[in-house]
Amino acid sequence: MTGGRWLLRAASLGAALLVWQGLTSLDVNAWLRFEQFPTVGEVAGAFAERAGTGPFWQDLASSLRRIVTGFVLAAVAGVAVGTAIARSRIAADVLGPLLEVLRPVPAIALVPVAILLFPSNEQGIVFITCTAAFFPVLVSTRHAVGALTPVWEEAVLTMGGGRARILFSVVLPGALPGIFGGLSVGIGVAWICVISAEMISGEYGVGYRTWQDYTVIDYPGVFVGMVTIGALGWLTSTAVERAGRRLTRWLPARDPSGPVPSSAARTRTGRGPGRSPRAPLPTPLPTPLPTAARAVATGPRSGSGTLPEQTREVTP
């Protein structure tokens, strides 16, 4: 990424902070009420104060441990089940209907189920986090595997490869871009649900601390929790995206000079960006006709008035 893009992103965040500071310092009370909101300076002061205490880092470690554990379990299970459903009719018939019934249920609605099933709140929160990230990974993997062209598999079979070779050399590498799309969505959904679960039944964690600050009307502390959650979500999402780019280096790189021209522009120019004009195709040589057919097509030879009887009939 160029320095200009970094500067533009920093300017965007700075502008948002300036707007926030202006609205809260002036106590704007129009349709939206900002007189109760803490200013940027108050939130920064509360953040600096809490960053020097042990409970802040303990909450941070608890939330990170829960999100990493639940997300890793969801990634492994989602890729495995999605691949099985996409490639096996039996798996699609047995698991497909059950998962489609469970998929619309919000993960946070499973809090009572987690409390009944698991002996500790920690395991229940990990279960909710895993469930939240599981379905985006499952759906993206199923569609990515199902969209693969069968020509690649036929090529491996032609060269003597078996099912394991096809799975690990063709199916999973070919579906990686779609899988990582689901992982990027899953990590965001997982953060939403882990914070919600911590607010409801947690004992430690950023979500639990944010809710406690709200109950004692500590609004700067609430915003410290929100900023912390946003920063952690951005870091983990960036880590997933970078891992995806590293594992899919074989994909064609996007041209940084500008957007890809439309199909109409490519049709007019006859070439894409950065490509040389295509060489004209060679004119195909005429296919020689059979002897009898050539005699009929060309007519009688010079010096003869009519064709011989045997050349008038074309033998198929």
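Just above sits the structure.
Residues numbered from 1 in each chain as written. Predicted model: local features only at pLDDT ≥ 70, side-chain atom pairs only at ≥ 80, totals over all residues. Heavy atoms only, no water.

Caption draft 1: Expanded view of unusual backbone geometry. Phi is positive for aspartate 27, which is not a glycine, with a value near 50°. By secondary structure assignment, the location of aspartate 27 is in the loop between α1 (3-25) and α2 (40-51). The exposure class of aspartate 27 is partly exposed, given its relative accessible area of 44%. The phi angle at isoleucine 217 is positive, at roughly 60°, despite the residue not being glycine. Take isoleucine 217: it is sitting in the loop between α9 (206-215) and α10 (219-247). Judged by relative accessible area, which is 57%, isoleucine 217 ranks as exposed. (Helix = DSSP H or I, 4+ residues; strand = E, 2+ residues; numbered from the N terminus. Buried < 20%, exposed > 50% of the residue type's maximum accessible area, 1.4 Å probe, protein only.)

Caption draft 2: Representation of the packing of aromatic side chains. Inspection of every chain in the model, using the stated rule, returns eight aromatic pairs. Seen in terms of ring centroids, tryptophan 211 and tyrosine 214 are 5.4 Å apart; in terms of plane orientation they differ by 35°. Their pairing is tilted. Residue tryptophan 211 and its partner tyrosine 214 are located together in helix α9, separated by three residues, close to a single helical turn. The class of tyrosine 214 is partly exposed, set by a relative accessible area of 44%. Taken together, Trp20, Phe34, Phe37 and Phe223 form an aromatic cluster joined through their ring pairs. (Phe/Tyr/Trp six-rings, centres within 6.5 Å; stacked < 30°, edge-to-face > 60°.)

Caption draft 3: Quick look at helix α4 (residues 89-102). Taking 1.5 Å of rise per residue, the 14 residues of α4 would be expected to cover 20 Å, and the 20 Å separating its terminal C-alpha atoms lies within 8% of that figure. By the largest-angle criterion, leucine 95 marks the main kink of α4, which is about 40°, and a proline, proline 97, follows within four residues. Residues Ala91, Gly96 and Leu99 constitute the buried set of α4. If you follow the buried residues of α4, they end up packed against α3 (54-87) and α6 (121-146). Its side-chain oxygen 3.4 Å from the backbone nitrogen of isoleucine 90, serine 88 forms the N-cap of α4. (Expected span 1.5 Å × (residues − 1). Bend = angle between axes of the 7 residues up to and from the residue. Contact = heavy atoms within 4.5 Å. Polar contact = N/O pair within 3.5 Å; in protein donor to acceptor, adjacent residues only side chain to side chain.)

Caption draft 4: Quick look at the packing of α6 against helix α8 (residues 163-201). With their axes 7 Å apart at the nearest point, α6 and α8 run at an angle of 155° to one another. When the axes of α6 and α8 are compared, the pair comes out roughly antiparallel. Regarding α6 and α8, the two cross each other, and that crossing is right-handed. Across the contact of α6 with α8, the residue classes tally to 18 nonpolar, eight polar and one charged. (Axes fitted to C-alpha atoms, helices over the stretch in contact; angles between N-to-C directions. Parallel < 35°, antiparallel > 145°, perpendicular 65-115°, else oblique. Left-handed = near helix turned anticlockwise from the far one by under 90°. Nonpolar A, V, L, I, M, F, W, Y, C, P; charged D, E, K, R; others polar.)

Caption draft 5: Summary view of the side chain of threonine 141. As for its position among the elements, threonine 141 is in helix α6. Ignoring sequence-local partners within four residues, the contact set of threonine 141 consists of Gly78, Val79, Gly82, Thr83 and Ile179.

Caption draft 6: Structural view of the packing of α9 against α10. Running from amino to carboxyl end, α9 crosses α10 at an angle of 160°, the nearest separation of the two axes being 7 Å. Classified by the angle their axes make, α9 and α10 are roughly antiparallel. You can see that α9 and α10 cross each other, and the crossing is left-handed. Across the interface between the two elements, Val206, Thr210, Asp213 and Tyr214 of α9 pack against Tyr219, Gly221, Val222, Gly225, Thr228, Ile229 and Leu232 of α10. Classifying every residue of the contact of α9 with α10 gives six nonpolar, four polar and one charged.

Caption draft 7: Molecular detail of the nonpolar core. Ile128, Leu183 and Trp191 are the most contacted members of the largest nonpolar core, which has 43 residues in total. Those elements giving two or more residues to this core turn out to be α3, α5 (111-117), α6, α8 and α10. The biggest single contributor to this core is α8, with 15 residues. Each residue touching isoleucine 128, except ones within four places of it in the same chain, is listed here: Ala107, Leu110, Val111, Ala114, Cys193 and Ala197. Ranked by size, the runner-up nonpolar core spans five residues in total, among them Val43, Ala46, Phe56 and Val224. (Core = buried A, V, L, I, M, F, W, Y, C linked by side-chain atoms within 4.5 Å.)

Caption draft 8: Expanded view of empty space enclosed by the protein. If you walk through the whole model with that rule in mind, you get two cavities of 30 Å³ or more. Of the voids in this model, the largest cavity is the one considered here, and its volume is about 90 Å³. Contributing to the lining of the largest cavity are Arg50, Phe56, Asp59, Leu60, Val206, Arg209, Thr210, Asp213, Gly221, Val224, Gly225 and Thr228. For the lining of the largest cavity, the secondary structure elements donating two or more residues are α3, α9 and α10. Along the lines of polarity and charge, the residues of the lining of the largest cavity split into four nonpolar, four polar and four charged. Roughly 50 Å³ of internal volume is contained in the second largest cavity. Taken together, Val111, Ala114, Ile115, Phe118, Ser120, Asn121, Gly124, Ile125, Ile128 and Ser201 form the lining of the second largest cavity. Among the elements of the structure, α5 and α6 are those that each provide at least two residues to the lining of the second largest cavity. Sorting elements by how many residues they give to the lining of the second largest cavity places α6 first, with four residues. In the lining of the second largest cavity, the residues fall into six nonpolar, four polar and no charged. (1 Å grid on protein atoms, 1.4 Å probe; cavity = no way out; pocket = protein on both sides within 12 Å on 5 of 7 lines; lining within 4 Å. Points joined across faces, edges and corners; volume = space filled by probe spheres on them.)

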